[in-house]
Amino acid sequence: MKAIIAEKPSVAYEIAHLLNANERKEGCLEGNGYCVTWALGHLVSLGTPEDYGIRGFDKASLPVFPDPFLLVPRPIKKQNHQGYQPDPSAIKQLKIIQSVINRCSSIIVATDAGREGELIFRYIYHYLQCSKPFERLWISSLTEKAIEEGFKKLQSGSVFDGLYEAAKARSEADWLVGINATQALSIAAHEELYSLGRVQTPTLALICRRFIDHKNFTRAKYWQIQLKHRKEYLDFTSQSKERWEDKKQAEKILRFIEREGKATVEEVSIKTVQESSPVLFDLAALQKECNMKLGLSADEVLRTAQGLYEKRFITYPRTGSKYIPEDLWAEIPELVRILNAVDQFRSAVSTLKFGSFNKRMVNDQKVTDHHGLLITTKIPSALTATEKAIYNMIAYRLLEALSEHCSKQVSHVTVKVHHYEFSIRGSKILTKGWRAIKGILSDSKSHRNSIIDNNGNTLEEMLMELPELKMGDELKISKTELLEKVTQPPKLYIEADLLSAMENAGRSIENKEEQQILSNIGIGTPATRASIIETLLSRNYIIRKSKALVPTEKGLKVYDLVKDKKIGNVQMTAEWEMALDKIEKGGLTSKQFITDIKVYTTEITSELLSLSIPQENIPELKCPKCRQHNLIIKDKIVKCPDDQCNWRQFRTVCGVQLNIDQISSLIMEGKTPLVKNMRSRNGKKFDAYIILGDDLNTSFQFP
């Protein structure tokens, strides 16, 4: 019998169904000579510092360089938050996998086709001290045809040793940098916990830099002149190319133009541009679209899409590709027919030409671990409003991708009044193409106001039809207007913009080779960027303000500490990705890479430990329980240092972090001042006093 190890239960069930291994047992399925089980993601991970006998933050033990690294079942925090313990669900599934392997002669690896999928299996394999031979199933989709072809082309596990070495090196390097940097900065900050990481810290830097640029921007007024014209029963406007900072000068020129009363056409440029249909969503593109149009966070989109996937309504969402492989193309017409049976999509489907679908989405070379997001043949039912909105986006995007390009005639006309130049821009739809799927103007303004020509140039345009204009034509000025405008600061990041910045972080790097690598990799991966943003939120480094992401005082403090340090350097990510790429292809050994990372870790640890961070002016407050010890006041918690007493109070109450004055009042007077804008479980805001009762538990007193 052969063991098959998938990454997730849903994938295991698909494979088991195809292989007729339908006998369900705890944690696996059996039949037809196969036993199919699954990993539940990262069941095994690198040990925590506690696993090496390092408890608490100890300057003398830094930097920590495990040799060898220990593999442990996935750890979770203990209930009292003092250290970690093995995740019971991970231990249970590892025992099932061990049992399955013991009963089988060999293994087929069916974890996700990529670096992390390879690492998930190999860590389990080594943790269980397994030596049985294994083969690799390498597929990009879960269609029956793709799985069948994959089983016909099973490869020896050793073929993917380079991929594993790269994954292992990335995992160990993240541990070395994250653990040592976090402990070093926390020690320098008098044991105030400051978490740093390879992806987390550069992302925080992006948010902080944008916030500072926005805050320090000086707005300035300027004026432009707008002229109104009419020809062939069409009204249109022109706007001065020049901007005036002096209003009186602008008014003087306006009066001069009014006396002239006419403008002369100096230049006419008419181009036909083709706006290619979009390809499918990858996870990042879906998250950006949902953030802009639905106001959903990246994490909400990922969780909702994962739910749709597990209900078999869409394909695997954690994808970094917008394309599908050739072997999946034959199944696309069936998906369109399914949508045609749904009233909502029938009108959109009617615009497509069956038999001549646009094949732009098909590209085997651009399919990574998984193909672009698709609906499945299962028609959804009983969806929540959010699930329905995201499913509809994926479905409409498929129909748009299958449509032809949208053709537009874009006009750029320059007119002159004396020596002052004015610009007229307009466009006319020639062929609706993919715009007909949801209506030409139903998309966001960004689609309306900018298009890409055949040379890749961005053309700003308004959907304004112009009369026929040629050089030398005289246009009567029917009205003039002085427009008062203000220069705008860089916009604060919303999640959609931040995801784009993380994807394109390499653009600021001068080295072209490094820029190319990072332009393909970016900061983080499509599957991890949402969790990075949530991590920054949970660590109180950033908050959501309306739709914008803005740094907190703590976030700005961390940024200020590390902005000139190596840990905050985006270029590090490029250098790592280039090295990992070389390891995967056999051009660099993982041993050499980790040696270099240890040198780097030593440098950043030394940099961070040398920081001089003034301690916050914290009052001495006696523990209200034991009355013996002064309380330790940290960013998230106030607690007694005596483990036997163990009194503690979390500083964040219903979404509001209690400040030092509020904590002092609570301990010394048993009651805080009025705390405003707390949020209940159902999302409603309320104001209340927080009371410390005789039982030393807190409660609310309402005004």
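Residues numbered from 1 in each chain as written. Predicted model: local features only at pLDDT ≥ 70, side-chain atom pairs only at ≥ 80, totals over all residues. Heavy atoms only, no water.

(A) Region of interest: the pattern of salt bridges. Inspection of every chain in the model, using the stated rule, returns 40 salt bridges. A salt bridge links Arg103 to Glu30, with the nearest nitrogen and oxygen atoms 2.8 Å apart. Of this pair, Arg103 sits in the loop between helix 2 (88–102) and strand 9 (106–110) while Glu30 is found in strand 3 (residues 28–31), placing the two residues 73 residues apart along the sequence. We classify Arg103 as partly exposed; its relative accessible area is 40%. Given a relative accessible area of 9%, Glu30 falls into the buried group. One salt bridge in this structure joins Glu584 and Arg115, with 3.8 Å as the shortest N-O distance. Taken as a pair, Glu584 in helix 19 (residues 571–584) and Arg115 in helix 3 (residues 115–127) lie far apart in primary sequence, 469 residues in all. Here the salt bridges do not stand alone but share partners, grouping Glu116, Arg170, Asp174 and Arg198 into one network. (Salt bridge = Lys/Arg side-chain N within 4 Å of Asp/Glu carboxyl O. Helix = DSSP H or I, 4+ residues; strand = E, 2+ residues; numbered from the N terminus. Buried < 20%, exposed > 50% of the residue type's maximum accessible area, 1.4 Å probe, protein only.)

(B) Seen up close, the sheet that holds strand 29 (residues 685–692). A sheet is described by the order of its strands in space; here three strands give the open sequence 28-29-30, paired in antiparallel fashion. Only two strands of the sheet have a single neighbouring strand rather than two, namely strand 28 (675–679) and strand 30 (698–701). Averaged over all pairs of adjacent strands, the angle between strand axes in this sheet comes to 60°, irrespective of strand direction. Judged from the four bridges that link them, strand 29 and strand 30 form a sheet pairing that is antiparallel. Bridge pairing in strand 30 places Leu692 opposite Thr698. (Pairing = 2+ DSSP bridges. Axes fitted to C-alpha atoms, helices over the stretch in contact; angles between N-to-C directions.)

(C) Spotlight on the sheet that holds strand 23 (residues 632–633). As summarised here, the arrangement of the three strands in space is 23-24-25, forming an open sheet in which the pairing is antiparallel. Across the chains shown, the open sheet's two edge strands, defined by having one partner strand only, are strand 23 and strand 25 (648–650). Note that strand 23 and strand 24 (residues 637–639) share two bridges and pair antiparallel. Pairing of Ile633 across the sheet is with Val638, part of strand 24.

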